[in-house]
Amino acid sequence: MTHSAPAVASAVPLPYARRDVRLFWWAGTCDALGSQTAGFVLPLLLLSLGRSPAEVGAVAGLSAAATLVLGPLAAVPADRGARKQVMVGAAVVSAGAMTGVTVAVAAGPVPLAVLLAAVLVERCASACYEAASLGTVAFVCPPEEHRRVLSRLQAGERGALVVGPALGGLLFAVGAWLPFLVDALSYAVAAGGVRAMRSDLAPRPEQRPPAGTPRRAWRALFAEAGAGVTLLRREPFLRLALVWISAVNALLVALYYTTVFALQGHGRGAAPLGLVLALAGAAGLAGALAAPRLARRHAAASVLVPVSWLLVPPAVALTVARDAWQFGLLFGLLCFLTPSATVALQARIIQLTPPALQARTGTVLATASGAAAALSPALAGLFADRAGAGATFAGCAVLLAVLALYVTCVAPRRTRGTEEETG
């Protein structure tokens, strides 16, 4: 087994580190809140302008593709030492794009080409921000604080997921341009928060990858973008994390969409689905806040194995659920359980990843899990059409059981000797 050098703790004095953590939390939470607020109403805006569902889907598809392509490339300059510059610049560009959308929507009917161009610019810049932000925790707090800080960041994102759509719907009813103004302001807050952080968020000069020659700059850029993949192939624990995170994200998305199909099949309307989302969001937020306490003094493998098995019973119970509150409680239990394992994995990933590979390794994990989750709705719909929602729930439960068995067999071996310092 080959082990990477662990990421170094931040050299910033503790008062500055706490200040940087708070600023980073506000930046990420405001960014997530604005994105959820505007993202919820963008399809409604396009449909209200007479656009077809196919055109709405095309906008979403292009945005997702831009994220998958640009994220790994933006991670390279971040790991070279320009993490803060990339994040601030990307947030400023996103704020400008959303300001343009706000003005255009307030002025009257928006041509699709103009709206599409602005949204793509915002998505590309946002992808760069997200890629550069990965691994920032390693530079703003000591290793013993990683789980606590990661759980707070996750709680902020889940809180935005709960509040953002409701806020977007309310603002859209008042004025179609208001949600996009909120998004623009959220990016401005994010840029200001990151800019105010006192640490440079960069590895030491001797830890940075060498820059390519001008003639081979682009070739070197693409080669460096794949360095995270190389590290994952070499490090067994990172491969385990990749499998678990990707599989759980994909199966949770599949279970959610199957829940939607089941409620529709039982003649339920939009209100029950809102109840499911509210319960799941609140449970996920509670799970993120409880994650450090649940995972404290335990190695990642000691958290991962029981959580993996605990995910199976709620998935099995979904096969016999009928009422919205039953779906909400069971899906909420799944959302409550996952943050403790996710936080434990993320903290260990940060510690195992060299400082100069933080963004690239995180981007590989995010891209893989995002791609797996993107395929889940279509697969869930296909199986639900052919075999029914109950069979789809059962299939997901079986896959979760297989994952739990795999983790039980593999996790102790792949983490042995790597977590003595975390205890």
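None of these values were measured; they are calculated from a predicted model.

Take K84: it is sitting in helix 2 (residues 53-107). D20 provides the closest opposite charge to the buried, salt-bridge-free K84, at an N-O distance of 6.7 Å. K84 has contacts with V194, R195, M197, R198, S199, D200 and L201, leaving out every residue within four places of it along the chain.

So, about the packing of helix 5 (residues 146-174) against helix 6 (residues 178-196). Where helix 5 meets helix 6, the closest approach of the two axes is 7 Å, and the angle between their N-to-C directions is 130 degrees. Taken together, helix 5 and helix 6 sit at an angle that is classed as oblique. In contact with G168, L171, F172 and V174 of helix 5, helix 6 contributes L178, P179 and V182. A breakdown of the residues in the contact of helix 5 with helix 6 according to their chemical character gives six nonpolar, one polar and no charged.

By the definition in use, this model includes five salt bridges. Between R360 and D79 there is a salt bridge whose closest N-O contact spans 2.9 Å. Of the two residues, R360 sits in helix 14 (residues 358-387) while D79 sits in helix 2, which places them 281 residues apart along the sequence. Given the relative accessible area of 0%, D79 is considered buried.

Okay, helix 14 next. Over its 30 residues, helix 14 runs 42 Å from end to end, which matches the ideal 44 Å to within 8%, given 1.5 Å per residue. S376 marks the point of greatest bend in helix 14, at about 30 degrees, and the proline P377 comes within the next four residues. Backbone geometry just after helix 14 places G388 at a positive phi near 95 degrees.

Pairs of packed helices are described in terms of their axes, by the angle between the two and the distance that separates them. Remark: helix 8 (residues 227-234) packs on helix 14, axes separated minimally by 8 Å, with the N-to-C direction vectors making an angle of 80 degrees. By the angle between their axes, helix 8 is roughly perpendicular relative to helix 14. Of the residues in helix 14, those in contact with A227, G228, V229, L231 and L232 of helix 8 are R360, T361, V364 and L365. Across the contact of helix 8 with helix 14, the residue classes break down as six nonpolar, two polar and one charged.

Most often, soluble globular proteins have nonpolar side chains that are buried together. W244, L255, L311, F327 and V407 are the most contacted members of the largest nonpolar core, which has 55 residues in total. Sort the elements by how many residues they give to this core and helix 9 (residues 236-265) lands first, with 14 residues. Core analysis: the next-biggest nonpolar cluster, separate from the first, contains 34 residues, V137, L153, A190 and A191 among them.

Definitions and limits used
- Each chain carries its own residue numbering, running from 1 in the direction its sequence is written.
- Only residues with pLDDT of at least 70 are given local features in this predicted model, and only at 80 or more are side-chain atom pairs given and counted; all residues enter the totals for whole chains, interfaces and linings.
- As a rule here, side-chain values come from all non-hydrogen atoms in the structure, and water together with hydrogens is ignored.
- Secondary structure elements are taken from DSSP: a helix is a run of H or I of four residues or more, a strand is a run of E of two residues or more, and numbering for both begins at the N terminus.
- Accessible area is worked out with a 1.4 Å probe on protein chains only. A residue is then buried under 20% of its type maximum, exposed over 50%, and partly exposed in between.
- Under the convention used here, Asp and Glu are negative, Lys and Arg are positive, and both His and the chain ends fall outside the count.
- Salt bridges are defined by distance alone: a side-chain nitrogen of Lys or Arg within 4 Å of a carboxyl oxygen of Asp or Glu.
- Whether two residues are in contact is decided by their heavy atoms, any of which lying within 4.5 Å being enough.
- Where helices are involved, their axes are fitted lines through C-alpha atoms of the stretch in contact, as for all axes, and angles between N-to-C directions lie from 0 to 180°.
- Relative orientations are named as follows: roughly parallel for angles under 35 degrees, roughly antiparallel for angles over 145 degrees, roughly perpendicular for angles from 65 to 115 degrees, and oblique for any other angle.
- Each residue gets one of three labels, nonpolar for Ala, Val, Leu, Ile, Met, Phe, Trp, Tyr, Cys and Pro, charged for Asp, Glu, Lys and Arg, and polar for the others, Gly among them.
- A helix is expected to span 1.5 Å for every residue after the first.
- Throughout, bend refers to the angle between the axes fitted to the seven residues that end at a position and the seven residues that start at it.
- The criterion is simple. A nonpolar core is a set of buried Ala, Val, Leu, Ile, Met, Phe, Trp, Tyr and Cys residues joined through side-chain atoms within 4.5 Å.

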